[in-house]
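# Analysis of the macromolecular model
This is what each chain is made of:
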Amino acid sequence: MNDTLFERIGGEAAVNAAVDIFYRKVLSDDSISQFFEDTDMDEQITKQKSFLTMAFGGPNKYTGADMRKAHAPLVEKGLNEAHFGAVAGHLQATLEELGVATKLVNEVMAIAASTHDDVLGL
Amino acid sequence: MIFAEKKLTPLDGESVLDCLLRHAVPVDHSCKSGNCQSCLLKLSSGKIDPGAQKGLKPTAIKQGFFLACQQPCELIEAASFIDAELIFSHARLVDKQFFNDETCRLLLEPVSPTYYHAGQFINLKNPHGVIRSYSIASLPSNDRFLELHVHKKSNGIMSHWIFDEFKVGDRIDFQGPIGECFYTCLSIEQPLILIGTSTGAAPLIGILKDALHSEHQGSIIFYHGARNFEGLYLHELLLELENSHSNFCYRPSITEELTSSENEHSGKIKTGRCNEIALQEMALSNTSTIANTLLFLCGNPEMVNMTRKRAFLAGVASKNIYIDPFEYKDLRQAAR
Ligand code: HEM
C-alpha cells in the first residue's frame, strides 16, 4: 500500500464527487458564505476543485506562499479561526457523506490543518 | 502592449478590450462578459489568462485566440486582429415576421452550410458594425433556415435596426454557432426543466424541439415567463406541443395581471416570476429526481445566475445546469 493518498481516495473522480456536496455546504453556511458569493459559479467550482485536490494530497501547484496570497484578501475581510474551522468541518462532513474510510479522512484533515497558518496569514 | 504594430499604454488592471476602446481602436465586441466571443483577438507574444479562453473551441485555443474583454493587458506583449474571413460567414434574410409589437422572428439562410445545435447562438454584425448575440430556435434536422427571435429593447441599437431597417433579401455577417446550452441525446431518460424569460424562449424552444425529435423519454417542463400575455409569444405553439406529447408540460406565467379580455387563460397562466414558480415546484419533487434533472436557463442574466445558484442549492448537480445569460450592454458611447 504505497499508493499516494490521492490515488487511494479515488483521484479526480473523488474530487468530482465531492465538489458539489462541499460547495453546497459552504454556500448554505451563513457564517462563511459571504466569502464565496462570487457570481461566477464556474470559477468558484474550479477553485473548489483546486481546494479539494490539494486537500486530497493530489497534484497541485500551490506553495505555502500561494495559499497566503490567495487568502490574503479574505483575511483582510475578516477571515478568522472560526471560518477556518467551519470550512474544515464541511470538508470532513463531505467525506463522511461519501463514505470515505476514517483513516483517509484523517489524512485529508491533517493536510488541511497544515495550511492553517498560511490561509489565515499568521 | 503592442497592438497591430501600434504601442498602447494600458491603465492598471485594464482589459485588452477596454484599452483598445480607450485608444479608439475599432474592435468588435458586444457582451463584455466573456460569453459572446465577438471580441476575439490573436496573441503574438505574451501569456493568455485561462479565463480569456473559456468556452473557446480547441482549434481557436491552439491558434492563440483569446477574449479581449477577459484578458488583462499586463500579460500581453503583442496581439492583433484575426482575419474577418476566419470569423464571419454570410447569411441572407429570407423572412421576418412579428410575433407582437416587440418580438420578431428572423429566418436566415446561411450562404454555406452551417452545422449547429438548436439552443446555440450566433453573433449578427450589422453594416454599422454593431454586434449582438441571438440564440437559435430552429432544429437543423427539420428546418431549412436559421430561426432567431429578436426582442426590441427600448434603447437597443441593434434591435431597432433589425426591426426598422433589416429587409428580406439583405445579407448579413454572422459569427458562430457558439455555446454549450443545447440538448444531447445522452440525456434521453433524464427529467428536463427549461426556464426562460422573454426571448430566452428562443433557445429553449430549439432545445425542446430537439428533445421531442430525439424521442426524449423523461419528463420535460417549460417555464416561460413574460411581463404580460402578449409576451408569451409561443403560447399557441407550446400548448399544441403539450397536447401532442404526454411527457411535455408547459407552464406559462406573467408578472402583470391578465386583462379582462384575456381571462379565459387564467387557468393556465400563473401570476408571478417564472423562475420562482419553477423553484417552488422543484422543491416539491423528490431529491433523486432533482439530482438527475437537467436544467436549462436562458434570458435575463440576473434571473439566470440567481436561479442557477438556488437550483444548485436545491440539489441540481452543477454539471447539469446549462445557462445562456442574455447580456446586453448599451455601447453607443463606444468609438467606431
Ligand atoms: C482548509 C484549508 C484551506 C485550503 C487548503 C484552501 C485552499 C484553497 C485553494 C487551493 C484555493 C484556490 C486558489 C486559486 O487557484 O486561486 C482557494 C481559494 C479560495 N479559498 Fe481557500 N483554502 C482553505 C481554507 C479556506 C477558508 C477557511 C476560506 C473561507 C472561509 C477559504 C476561502 C477561499 C476563497 C473565497 C477562495 C477563492 C479566492 C478567489 O476568488 O480568488 N479558503 N483556497
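Relevant structure appears above.
In short, a report on the structure. Just so it is clear, the structure is predicted and the values come from calculations on it, not from any experiment. (Residues numbered from 1 in each chain as written. Chains lettered and ligands numbered in written order. Predicted model: local features only at pLDDT ≥ 70, side-chain atom pairs only at ≥ 80, totals over all residues. Heavy atoms only, no water.)

Residue and element names in this part refer to chain A. The environment of the ligand is formed by 17 residues, the closest being Phe35, Lys47, Phe51, Tyr62 and His71. At 3.0 Å, a side-chain N or O of lysine 47 approaches an oxygen atom of the ligand. Take tyrosine 62: an N or O atom from its side chain is 2.4 Å from an oxygen atom of the ligand. Elements represented by at least two residues in the shell around the ligand include exactly helix H3 (41-55), helix H4 (64-76) and helix H5 (81-97). It is H3 that provides the largest number of residues to the shell around the ligand, a total of 4 residues. (Near = heavy atom within 4 Å. Polar contact = N/O pair within 3.5 Å; in protein donor to acceptor, adjacent residues only side chain to side chain. Helix = DSSP H or I, 4+ residues; strand = E, 2+ residues; numbered from the N terminus.)

All right, on to the interface of chain B and chain A then. Listed as interface residues are 9 residues of chain B and, on the opposing side, 10 residues of chain A. A combined buried area of about 980 Å² lies between chain B and chain A, and 55% of that area is made up of carbon and sulfur atoms. Among the residues chain B hides against chain A, the three largest losses belong to B:Arg308, B:Lys309 and B:Phe312. Together they make up 54% of the total. Between chain B and chain A we count 2 salt bridges in total. (Contact = heavy atoms within 4.5 Å. Buried area = accessible area lost by both parts, 1.4 Å probe. Salt bridge = Lys/Arg side-chain N within 4 Å of Asp/Glu carboxyl O.)

Let's shift gears to the sheet that holds strand S8 (residues 121-125) of chain B. Backbone hydrogen bonds are what pair the strands of a sheet, in a parallel or an antiparallel way. Residues and elements named next belong to chain B. If you trace the 6 strands from one edge of the open sheet to the other, you get S9-S8-S11-S6-S7-S10, paired in antiparallel fashion. The sheet terminates laterally at strand S9 (131-135) and strand S10 (146-151), the two strands that pair on one side only. Strand-to-strand twist in this sheet, taken as the mean axis angle between neighbours without regard to direction, amounts to 40°. By the bridge criterion, 4 bridges tie S8 to strand S11 (residues 171-178) in an arrangement that is antiparallel. Bridge pairing in S11 links phenylalanine 121 to isoleucine 178. (Pairing = 2+ DSSP bridges. Axes fitted to C-alpha atoms, helices over the stretch in contact; angles between N-to-C directions.)

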